Amino acid sequence: MRHRPGRGGRPFLLLHGLASNARMWDDVARRLADAGHPVYAIDTRGHGDSDVPEQGYDNEAAVADLAAVCRELRLTGALLAGHSWGGMVAVRFASVHPDLAAGLALVDGGWINHTDTPLRIPTWQKDVEKIANGVPGTTGVTVHTARERIRTLHPHWSKDAVEAMLADTVEGPDGLLVQRLPLKHRLSILNSMWNDSPARWYPGIAVPVLMLIALPSYASALGDWVRKWVTEAESAIAHVDSRWYVGADHNLHADQPERVAADLLELARNADRSALERS
């Protein structure tokens, strides 16, 4: 866990995506803490600096782990921000544990229905090599080469963001990088993502929800699907606000940390107002 103390504001709990890590939130977390909010960014099991047990790589286990973290830290009324797969975990968590979440930010994830998508299960089952390699150009190469390739792909990312993406890999015996998260665990999480649609959890969410949606220029073919999924989520969630990041990268928190932090701080204000109205 990466913790920034803040100054007594409502806490943020930040969740990374599949095969990612808590460091990807650093540029956003710094801004939230500077605004007074305690920030906790979690490495889920098998990711980042966390242990790699043999079992528990699915949405249900991730939610249970997160609840255990909240109990240990005595966190209630936190603002959850989940990126990609972390958004799916956050949706289920907020529905199952309504007392622990005061607001929800879904950062380019948490609203994709994998059973209703052009990227169906056979796609990833038949393309194991692509899944194993992760970000193109960051495995099977040296640390130096991977770092330079990330910088080329994302020239405006901060140094911290580049190093955070590198932390998704480890150096093998031959000096070349491999994915930190073992393939079998990655596939287990993917299977859970495909079989646990976030839509089933929408009715249980009563807190304010903020959706931050990336529309990268290179994925225009998916634009209609994205709009469809977002519209379905907006119709099913009681209190929701959507923000579109046109031309942005999927890793919004690394790509546009200042704007993401500003949107999350607005969510915090909305959550405080909502709490006052309920009281």
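Residues numbered from 1 in each chain as written. Predicted model: local features only at pLDDT ≥ 70, side-chain atom pairs only at ≥ 80, totals over all residues. Heavy atoms only, no water.

1. Overview of the overall build of the protein
- Scanning the protein from N- to C-terminus turns up 11 helices and 9 strands.
- In terms of overall dimensions, the protein has a C-alpha envelope of 60 × 40 × 40 Å along the principal axes.
- For the protein, the residues scored as buried account for 53% of the 279 residues in total.
- Counting only contacts in the protein whose residues sit at least 6 apart along the sequence, the fraction spanning at least 24 positions is 76%.
- Looking at the protein as shown, the accessible area adds up to about 12,700 Å², and 52% of this sits on carbon and sulfur atoms. (Helix = DSSP H or I, 4+ residues; strand = E, 2+ residues; numbered from the N terminus. Buried < 20%, exposed > 50% of the residue type's maximum accessible area, 1.4 Å probe, protein only. Contact = heavy atoms within 4.5 Å. Areas by Shrake-Rupley, 256 points an atom, 1.4 Å probe, with all protein chains shown as cover.)

2. Quick word on the packing of aromatic side chains
- Tallied over the full model, the rule gives 1 aromatic pair.
- Geometrically, the ring pair formed by tryptophan 225 and tryptophan 229 is tilted, given 5.7 Å between the ring centres and 40° between the ring planes. With tryptophan 225 and tryptophan 229 both in helix H9 (residues 223-236), this residue pair falls 4 residues apart, about one helical turn.
- Assessed through its relative accessible area of 25%, tryptophan 225 is described here as partly exposed.
- The ring of tyrosine 245 has arginine 259 lying over it, and the distance from NZ or CZ to the ring centre is 3.6 Å. (Phe/Tyr/Trp six-rings, centres within 6.5 Å; stacked < 30°, edge-to-face > 60°. Lys NZ or Arg CZ within 6 Å of the ring centre and 35° of its normal.)

3. Thoughts on the environment of arginine 273
- By the secondary structure assignment, arginine 273 is in helix H11 (residues 257-278).
- Judged by its relative accessible area of 45%, arginine 273 is partly exposed.
- Sequence separation between arginine 273 and isoleucine 150 is 123 residues, and the spatial gap between their C-alpha atoms is 40 Å.

4. Description of the nonpolar core
- Core analysis: the biggest nonpolar cluster contains 45 residues, and Leu80, Leu104 and Trp111 have the highest contact counts within it.
- With 7 residues, the top contributor of residues to this core is helix H3 (residues 85-96).
- Residues Ala22, Ala105, Leu265 and Ala268 belong to the second largest nonpolar core, which totals 28 residues. (Core = buried A, V, L, I, M, F, W, Y, C linked by side-chain atoms within 4.5 Å.)

5. Remarks on H3
- Taking 1.5 Å per residue, 12 residues should reach 16 Å; H3 reaches 17 Å between its end C-alpha atoms and fits that length.
- Burial in H3 covers these residues: Trp85, Gly86, Gly87, Met88, Val89, Ala90, Val91, Arg92, Phe93, Ala94 and Ser95.
- Against the buried residues of H3 lie strand E2 (12-15), helix H2 (59-73), strand E4 (78-83), strand E5 (101-107) and helix H8 (183-195). (Expected span 1.5 Å × (residues − 1).)

6. Some words on unusual backbone geometry
- In this structure, arginine 74 is a non-glycine residue whose phi angle is positive, near 60°.
- Relative to the helices and strands, arginine 74 is located in the loop between H2 and E4.
- A residue is classified by how much of its surface remains accessible, and arginine 74, at 76% relative accessible area, is exposed.

Remember that the coordinates give geometry; whether it matters functionally is a separate question.
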